[in-house]
Amino acid sequence: MENAKIVVLGGGPAGGAAALGLKALGYTVSVVADPRPFKAVEGISERVVEGLRNAGFKYALANLPEPSPRLASWNGATSSANTEMLIKRSELDSGILQDLRAAEVQVIEGRIGKIKRRDNGYAIELKDTDNTEIQADFLVEARGRSAPGGGLERLRGSETVSLLQYWQGKPCKPQSAAESFEDGWAWMAAWSDGTRYLQLTLDVASAELPDKAQLVDHCTAILRTLPSAQPFLEDAEPTGILHARTSTPILCREAVGDNWIRVGDAAMAVDPLSGNGIFQALSSALQAPAVINTLITMPERVGLAKQFYQQRVDHLFYRFARIGRDFYGSEERWWDNPFWSTRRNWPDSEPLHQDTDPDSLQVVSMPVVNNGLIEEQEVVITNDQPLGIWHLNGIPMAPVVKALQSRKFGESIAECLEPLGLSNQLQQGMERWLLQNHWLHR
Ligand code: FAD
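Quick notes on the rules
Residues numbered from 1 in each chain as written. Predicted model: local features only at pLDDT ≥ 70, side-chain atom pairs only at ≥ 80, totals over all residues. Heavy atoms only, no water. Core = buried A, V, L, I, M, F, W, Y, C linked by side-chain atoms within 4.5 Å. Buried < 20%, exposed > 50% of the residue type's maximum accessible area, 1.4 Å probe, protein only. Pairing = 2+ DSSP bridges. Helix = DSSP H or I, 4+ residues; strand = E, 2+ residues; numbered from the N terminus. Contact = heavy atoms within 4.5 Å. Axes fitted to C-alpha atoms, helices over the stretch in contact; angles between N-to-C directions. Near = heavy atom within 4 Å. Polar contact = N/O pair within 3.5 Å; in protein donor to acceptor, adjacent residues only side chain to side chain. Areas by Shrake-Rupley, 256 points an atom, 1.4 Å probe, with all protein chains shown as cover. Phe/Tyr/Trp six-rings, centres within 6.5 Å; stacked < 30°, edge-to-face > 60°. Lys NZ or Arg CZ within 6 Å of the ring centre and 35° of its normal. Salt bridge = Lys/Arg side-chain N within 4 Å of Asp/Glu carboxyl O.

Trainee: How would you summarise the nonpolar core if you had to cite specific residues and measurements?
Mentor: In terms of nonpolar packing, the biggest core is built from 64 residues, with Val140, Ile261 and Tyr309 touching the most fellow members. Within the second largest apolar cluster, 22 residues are counted, among which are Ala190, Leu215, Ile222 and Leu223.

Spelled out as structure tokens, the structure:
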């Protein structure tokens, strides 16, 4: 199967990053992409830009705007310390397809219909065509939140909806603002041409939304009560229709099979409150090529590759779900309102970070990625790093911890690490790091 035909379903950041990674490993990849049916606007940080750059995107980053000021109003306190880049997703997504074509990834524009299992592969039907079918040996599901569940077990947070509207007003300085209110939170953005984008995120079960015909008025009434929304509403009017986007956090409990994998939001989608969704989508997509390469070329490591991938998807999801939980918990004004009470208690009560106890360090065998493949290696796990640390600045950590654990009474750290043959400088740097990160008793 080394010349396997891999088809990526969906050409967003995750599908694009997975396709570029697979192409770099020498695979024949096609991406089937259909632009999203609504105009989305998102705010991205420098971290997202870095993630996109690391994934190999160039055209997608070609026309990024300068960061603009972002006002945040939460729990009654207002801060204007942050900035973000306001992007029109249609522009980012078309840049991604341009990058794919430049890397000689085949891009098939069209809407995916039914997917049928065939012998050892799949036949993908394209909608609105004369029975066009695309054959694939391996499928990468990257259709974001709209990817079909396929009967797989999924963990869902409180059902959440984001209602989006465009308004048009006078030209103004680009800016954005986020504000919490009794039933949810709002995110607003304005461009220099006067276009404004207003997004309300609400609890599906308790929001008591009116009929579609009254939704714009309902959202407008909420926005009029928010102090930070006023500059966005001033001399402006709603244009076009309102669009509802589901924003429930979802984790796919089985994100990888023998000849398929889910990446990006199709594997795990986080609460948009984090403003980091693209970054998280890239995280799984960047790990997928090595996992796919292993599944295709090393059948004896299938279990290891699946373990590697699912652990990372689960870990990332819980990390961001807990960050969200703690942030919702920091809004204390509407403690009993279902929007806030459900979110500040989900997904669990585990702390975001566990303290590292030097006595809890363990050396275990775990899957790691090496040279485009998943393999088993000795790594160090701690309470806070359950996925294990293999190397630090190029130094394998398992031998370091083994040396520390067999340290003799009265032996200095330098003497204990001496058999590892580190230069003086590396050894001193390592000692500092071990102390700072609580891997050593002071
Ligand atoms: P997507 O970007 O959703 O890409 C999937 C692609 O598949 C799309 O192009 C879609 O059109 C295509 N597709 C779907 N079905 C088919 C089909 N049948 N046939 C062909 N193609 C298909 N993230 C941020 O970083 N900053 C933000 O400010 C931010 N705000 C958000 C606000 C809301 C309300 C929501 C819901 C999310 C927000 N996110 C934000 C998250 C971000 O949008 C996603 O995490 C990210 O886009 C996921 O990338 P992806 O490639 O997995 O999926």
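And the narrative resumes.
Trainee: Pulling in residues and values, what's your account of the sheet that holds strand 11 (residues 154-156)?
Mentor: Taken in spatial order, the 3 strands line up as 11-17-19 in an open sheet, and their pairing is antiparallel. Sheet topology places strand 11 and strand 19 (268-269) at the edges, where each strand pairs with a single neighbour. Here strand 11 pairs with strand 17 (residues 250-252) via 3 bridges, running antiparallel. Residue pairing in the sheet places Arg154 in a bridge with Cys252 of strand 17. Sheet strands in contact with helix 7 (residues 302-329) are strand 11, strand 17 and strand 19, and its direction is about 165° off that of strand 17.

Trainee: Talk me through the site of the ligand; I want residue IDs and the actual numbers.
Mentor: Every one of the 32 residues lining the ligand counts as a neighbour, but Ala14, Asp34, Glu42, Arg89 and Asp265 are closest to it. Contact distances for the ligand include 2.6 Å between an oxygen atom and a backbone N or O atom of Asp34. In the model, an oxygen atom of the ligand is placed 2.8 Å from a nitrogen or oxygen of the Asp265 main chain. Within the complex, the protein chains bury 94% of what would otherwise be the 1,000 Å² of accessible surface of the ligand. Among the elements of the structure, helix 1 (13-24), strand 3 (41-44), strand 16 (237-246) and helix 6 (277-297) are those that each provide at least two residues to the shell around the ligand.

Trainee: Pulling in residues and values, what's your account of unusual backbone geometry?
Mentor: Pro347 follows Trp346 through a cis peptide bond whose omega is 15°. The backbone of Asn131 sits at a positive phi, close to 55°, despite the residue not being glycine. Notably, Asn393 is not glycine yet its phi reads approximately 50°, a positive angle. Looking at the element boundaries, Asn393 is found in the loop between strand 22 (391-392) and strand 23 (395-396).

Trainee: Describe the sheet that holds strand 4 (residues 68-74), listing the residues and the values that go with them.
Mentor: In spatial order, the strands read 3-5-4-13-14-15-12-16; together these 8 strands make up an open sheet with mixed pairing. Two strands in the sheet have a free side with no partner beyond their single neighbour: strand 3 and strand 16. Here the strands of the sheet are splayed against their neighbours by 25° on average, with no regard to which way each runs. Across 9 bridges, the pairing between strand 12 (residues 160-168) and strand 15 (residues 195-203) is antiparallel. Looking at strand 15, one finds that Ser162 is bridged to Thr201. Seen against the sheet, helix 3 (residues 89-102) touches strand 3 and strand 5 (77-88) and runs at an angle of roughly 45° to strand 5.

Trainee: An account of the packing of aromatic side chains is requested, with residue identities and associated values reported.
Mentor: Counted according to the given criterion, the structure contains 12 aromatic pairs. Note on Trp433 and Trp439: the rings are 4.9 Å apart at their centroids and 75° apart in plane angle, and the pair reads as edge-to-face. An aromatic cluster is defined as three or more aromatic residues linked by ring pairs; in this entry it consists of Trp74, Phe327, Tyr328, Trp334, Phe339 and Trp340. In this structure, Lys39 packs its charged tip against the face of Tyr166, placed 4.7 Å from the ring centre. The ring of Trp335 carries Arg344 above its face, with NZ or CZ at 3.3 Å from the centroid.

Trainee: Which residues make up the pairing of strand 12, and what values go with them?
Mentor: Counting buried residues in strand 12 gives 8 out of 9 residues, a clear majority hidden from the surface. Relative to strand 16, strand 12 is paired through 7 bridges, and the arrangement is antiparallel. Across the sheet, Ser162 pairs through a bridge with Arg245, a residue of strand 16.

Trainee: Hey, could you go over the pattern of salt bridges for me, with residue numbers and the actual values?
Mentor: Throughout the structure, instances matching the rule amount to 23 salt bridges. Between Arg70 and Glu84 there is a salt bridge whose closest N-O contact spans 3.0 Å. Of this pair, Arg70 sits in strand 4 while Glu84 sits in strand 5; the two residues are 14 residues apart in sequence, bridging distant segments of the chain. For Glu84, a relative accessible area of 9% corresponds to the buried category. Asp265 serves as the salt-bridge partner of Arg145, at 3.9 Å between the closest nitrogen and oxygen. Within this pair, whereas Arg145 is found in the loop between strand 10 (138-141) and strand 11, its partner Asp265 is found in the loop between strand 18 (260-262) and strand 19, the two being separated by 120 residues in sequence. Residue classification places Arg145 among the partly exposed residues on the basis of a relative accessible area of 25%.

Trainee: Give a detailed account of the pairing of strand 15, specifying residues and quantitative values.
Mentor: Side-chain direction in a regular strand flips from residue to residue, so the side chains alternate between the two faces of the sheet. For strand 15, a buried count of 9 out of 9 residues is recorded, marking the element as mostly surrounded by other parts of the structure. With burial as the criterion, each face of strand 15 is covered, one bearing Thr195, Tyr197, Gln199, Thr201 and Asp203 and the other bearing Arg196, Leu198, Leu200 and Leu202. Pairing geometry for strand 14 (residues 184-190) and strand 15, over 7 bridges, is antiparallel. By the bridge assignment, Met188 is partnered in strand 15 with Leu198. Here strand 14 folds back onto strand 15 in antiparallel fashion, the turn holding 4 residues, of which Gly194 has a positive phi close to 95°.

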